[in-house]
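Residue strings, one per chain:
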Amino acid sequence: MRCERVFFERDGGGITGYPVDKIYEEAGFIAYYFHWPHDEIMSMEHRERRQWCEEISRINKKMNSSEETQDNPFDVFNKR
């Protein structure tokens, strides 16, 4: 049986889940752009992976700013 969520404790107590497919989406995004090894990416806390994804998206937006405004297919978090 495949696990569909990763569970972790929140700062305020209790346990919450994070979908495994989202973890792999973040890991794939970081690996594609930064070429970091799987084990290094997967050992990061969720918050750190999200920060790196946001930074990569920011870099992509900046690099593409001279082009016409268009949807960025690499902006996985739709932060506009």
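Residues numbered from 1 in each chain as written. Predicted model: local features only at pLDDT ≥ 70, side-chain atom pairs only at ≥ 80, totals over all residues. Heavy atoms only, no water.

Caption draft 1: Structural detail: unusual backbone geometry. The backbone of His35 sits at a positive phi, close to 60°, despite the residue not being glycine. Within the secondary structure, His35 sits in the loop between α1 (20–34) and α2 (38–42). (Helix = DSSP H or I, 4+ residues; strand = E, 2+ residues; numbered from the N terminus.)

Caption draft 2: Spotlight on the nonpolar core. Counting seven residues, the largest nonpolar core consists of Ala27, Phe29, Ile30, Ile41, Cys53, Ile56 and Phe77. Residue contacts for Phe77: discarding those within four places in its chain leaves Glu26, Arg50, Cys53 and Glu54. (Core = buried A, V, L, I, M, F, W, Y, C linked by side-chain atoms within 4.5 Å. Buried < 20%, exposed > 50% of the residue type's maximum accessible area, 1.4 Å probe, protein only. Contact = heavy atoms within 4.5 Å.)

Caption draft 3: Quick look at the environment of Gly28. Mapping Gly28 onto the fold places it in helix α1. Put simply, Gly28 and Ile41 are 13 residues apart on the chain and 9.1 Å apart in space, counted from C-alpha to C-alpha.

Caption draft 4: Structural detail: the side chain of Asn60. Among the structural elements, Asn60 can be located in helix α3 (residues 46–63). For Asn60, a relative accessible area of 9% corresponds to the buried category. There is a polar contact of 3.5 Å between the side chain of Asn60 and the side chain of Tyr33. (Polar contact = N/O pair within 3.5 Å; in protein donor to acceptor, adjacent residues only side chain to side chain.)

Taken by themselves, the reported measurements are silent on function.
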